[in-house]
Structures are given as structure tokens and as C-alpha cells.
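# Examining the three-dimensional arrangement
Given next are the chains, with one letter for each unit.
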Amino acid sequence: MKTISVIVPCYNEEKALPFFLQEVRSVLERMMEDEELAYELLFINDGSTDGTLQLLRDAARQDNHVQYLSFSRNFGKEAAMYAGLQHCKGDYAAVMDADMQDPPSLLPEMYAALRSGEYDSVATRRVSRDGEPPVRSFFARRFYRLMNRISDTRIEDGARDFRLMTRQMVDAILSMTEYNRFSKGIFGWVGFRTKWLPYENVERVAGQTKWSFWKLFLYSIEGITAFSTVPLAFASVIGVLFCLIAFLFICVVLVKTLLYGDPVGGWPSMMCVILFLGGIQLFCIGILGQYLAKTYLETKRRPIYIVQETSEGL
Ligand code: UDP
Ligand code: MG
């Protein structure tokens, strides 16, 4: 008898949760009918300020498939996913959003691919970004292009966090205990055979997205610093480049002075050079600062999340 654990991070999802619960239950129950299977639904309440926790308490009381874990404050989706993977007991684990943007109806197909033994993980990828602000889609695409150029870890464009994986892969992910977590990178980094399921973007059933443009931007920096050190080489490359330019410029100035004498002038061009180089230097120090900050947080070894309450038996 195999067990599937479905891990659902929830942050202020009281509006979407009832729809999700109903749908995911009906899909899983249908899967149980023709397989030797059991399932558990593990919800992570990520410090919601609405009625999410109460909803989860009621659901856990009525249905012993449902379990939950509640954080002492909002720690972010990454922390919630990590906690879910740590606490799930299944032979297979799926991570999915509570807003139905990860259609539960894909689960049977995902499970079939794993059971055949051909794959260790089935991941999903959005092929369209309908319903998303165009500016956001534009920057998202740029991010994936950049990321794949500067990182050895392949990160699929449009990849969702929604995936089903074997216990072996879950354990591999758990062995990565870093504090600054970027799951899309971690999933790729651990390797294993992954099947990609493309699907059309679905809009959120109720409630609102928790990701502002700014939050996504910071998250992208998280991804870059966690999975590439190329930006650190940026200063060296620019430095060499400017040494070459400076050398050529010195030659030009020397020749000019020797041939035509030296009229003092060029204040505007001097200012341009100083400001330009100053800007580049600050930019490079900023990049260093990003890595230093991440290293600083990493060395503190703070817990990734703090649990305040769990359902009985968890
Ligand atoms: N989420 C979370 N903690 C957060 C933000 C989001 O657990 O700090 C959960 C949220 O409840 C949802 C999932 O992560 O189940 C995806 O969030 P959302 O739908 O807002 O993101 P989007 O789909 O717009 O990228
Ligand atoms: Mg969503």
C-alpha cells in the first residue's frame, strides 16, 4: 500500500480553500478506487491573518486524511514547502497551491508516470501566462533567460512549484538545509528524472495573489544568488575592460599632448568618467553586498520556520 502526501502552503486562503478541498478530495478519492493507495492532505498555515487556521482545524476534525501545521508568523511559501516535505509521511509527495492554479485533475496523470518507474518526479509548466500583467510576464521571461545563462542548474521557463515526487527525491531535497531557499533551483539541482507536463495557465479561483512585483523581484535575486556566482565575476570583467580602455585613452592623451601641446580643459568629460565609474563601482559593491548578506543569514543558522500548532497525530 502506497501513500501520497499532498502538501499545500496556505497564506490567507479562506476564500479558496473550500473549493480546493472539495476538488482535491474528489480527485484523490477517485484515484483510491482503482489503486492500492492511501493519501494524506498536509496543509501548512503560513501565519494567515484570516480564517484559514479555523478552516483547517475544522477540516482536520471532520476528515482524518487532513492534517495541518501552523506557523507562528508568515515565513513565506518556501519555508512552508520545506516544512511540508519534512513532515509528510507518504511514499510520494506533491506540492500544490491552495488557489486551484495547480489543477488537482493532473494528479492521476502525474502518479501514473511515477508508478511506471520511468520517472522520479513529474513537474508542471505553464505554457501560457494569460491573465498575468504583461510587464510581469516580460520580466519573468527575462529572468528565466538570464538564470539559465548564468547558472548550471537548469530552471524551466514557466515552471510551477506543483510537482509529484518520490520519497527518494523528497529526502534529497530535505538534505539541502539552506536558509535562503529557492525551490525551482533546488528541484533542478538534486537531479533525478523529471517529466514535464505543460498546461494552460488557470486563474486563481478566489482571493488574491500574495506576490507583488517587488516581492517577485527580491525572490529573483534570491534565485540568482543561490544558484549562480557569475555576478561576482562581473566586477573583474568590467575592471579588465576599463583597464584596456584606460590604456588606450592614455595613449591618445599622450600623443595629443606631444603633438598639439596641452590646453587644459575637458571638465565635462572628466565628470562623466568619474560619475560613470563611480556608478559601476557602487553597483559591483552592491552585488558583493547581496552575496555577503545571504552568507550572513546562512551562517546564523536560524530555523527556517517555527511551528505554533499542529493537528493531532502530526
Ligand atoms: N503562500 C504562502 N506563503 C506566502 C505566500 C503564498 O504559503 O507568504 C501560498 C499561497 O497561499 C498559495 C501559494 O503559496 O497557496 C501560491 O501563492 P499565490 O497564489 O499568491 O502565488 P501566485 O500563484 O500568484 O504566484
Ligand atoms: Mg496562485
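It should be noted that the structure appears before, not after, this text.
Basis of the calculations
- Residues numbered from 1 in each chain as written.
- Chains lettered and ligands numbered in written order.
- Predicted model: local features only at pLDDT ≥ 70, side-chain atom pairs only at ≥ 80, totals over all residues.
- Heavy atoms only, no water.
- 1 Å grid on protein atoms, 1.4 Å probe; cavity = no way out; pocket = protein on both sides within 12 Å on 5 of 7 lines; lining within 4 Å.
- Points joined across faces, edges and corners; volume = space filled by probe spheres on them.
- Helix = DSSP H or I, 4+ residues; strand = E, 2+ residues; numbered from the N terminus.
- Nonpolar A, V, L, I, M, F, W, Y, C, P; charged D, E, K, R; others polar.
- Buried < 20%, exposed > 50% of the residue type's maximum accessible area, 1.4 Å probe, protein only.
- Pairing = 2+ DSSP bridges.
- Right-handed = clockwise from strand over helix to strand, strands pointing away.
- Phe/Tyr/Trp six-rings, centres within 6.5 Å; stacked < 30°, edge-to-face > 60°.
- Lys NZ or Arg CZ within 6 Å of the ring centre and 35° of its normal.
- Salt bridge = Lys/Arg side-chain N within 4 Å of Asp/Glu carboxyl O.

## Here's the deal with empty space enclosed by the protein
Taken as a whole and judged by the stated rule, the model has 1 cavity of 30 Å³ or more. Space inside the largest cavity adds up to approximately 50 Å³. E78, M81, Y82, L85, I173, R181, S183, I186 and F187 together form the lining of the largest cavity. Elements with a minimum of two residues in the lining of the largest cavity: α3 (77-87) and α7 (183-189). The dominant element in the lining of the largest cavity, judged by the number of residues it contributes, is α3, at 4 residues. Class assignment of the residues belonging to the lining of the largest cavity gives a composition of 6 nonpolar, 1 polar and 2 charged.

## Looking at the pairing of strand β1 (residues 2-10)
Most of β1 is tucked away, with 7 of its 9 residues classed as buried. Relative to strand β2 (residues 37-45), β1 is paired through 9 bridges, and the arrangement is parallel. Across the sheet, V8 pairs through a bridge with F43, a residue of β2. Each parallel crossover has a hand, and the one from β1 via helix α1 (residues 17-33) to β2 is right-handed. By the bridge criterion, 4 bridges tie β1 to strand β4 (residues 92-95) in an arrangement that is parallel. Within the sheet, the bridge partner assigned to I7 lies in β4 and is V95.

## Here's the deal with the packing of aromatic side chains
Scanning the model with the defined rule gives 15 aromatic pairs in all. Ring centres of F138 and F139 lie 5.4 Å apart, and the angle between their planes is 85 degrees; on these two criteria the pair is classed as edge-to-face. Taking the relative accessible area as the measure of exposure, F139 reaches 43% and is therefore partly exposed. Between the aromatic rings of F143 and Y144, the centroid separation amounts to 5.4 Å while the plane-to-plane angle is 65 degrees, which identifies the pairing as edge-to-face. Judged by relative accessible area, which is 8%, Y144 ranks as buried. Taken together, the aromatic side chains of F143, Y144, F182, W211, Y219 and F227 make up a single cluster linked through ring pairs. Looking at R73, its charged tip hangs above the ring of F75, at a distance of 3.9 Å from the centre.

## Some details on the layout of surface pockets
Reported here for the second largest pocket is a volume of approximately 740 Å³. Elements with a minimum of two residues in the lining of the second largest pocket: α9 (230-260) and α10 (267-300). Sort the elements by how many residues they give to the lining of the second largest pocket and α9 lands first, with 10 residues.

## Some points on the pattern of salt bridges
Summed over the entire model, instances satisfying the criterion amount to 12 salt bridges. For R57, the salt bridge identified is with E309, shortest N-O distance 2.8 Å. In this pair, R57 sits in helix α2 (residues 52-62) while E309 sits in strand β8 (residues 307-310), placing the two residues 252 residues apart along the sequence. Overall, the relative accessible area of 26% leaves R57 in the partly exposed class.

Geometric values such as these leave the question of function open.
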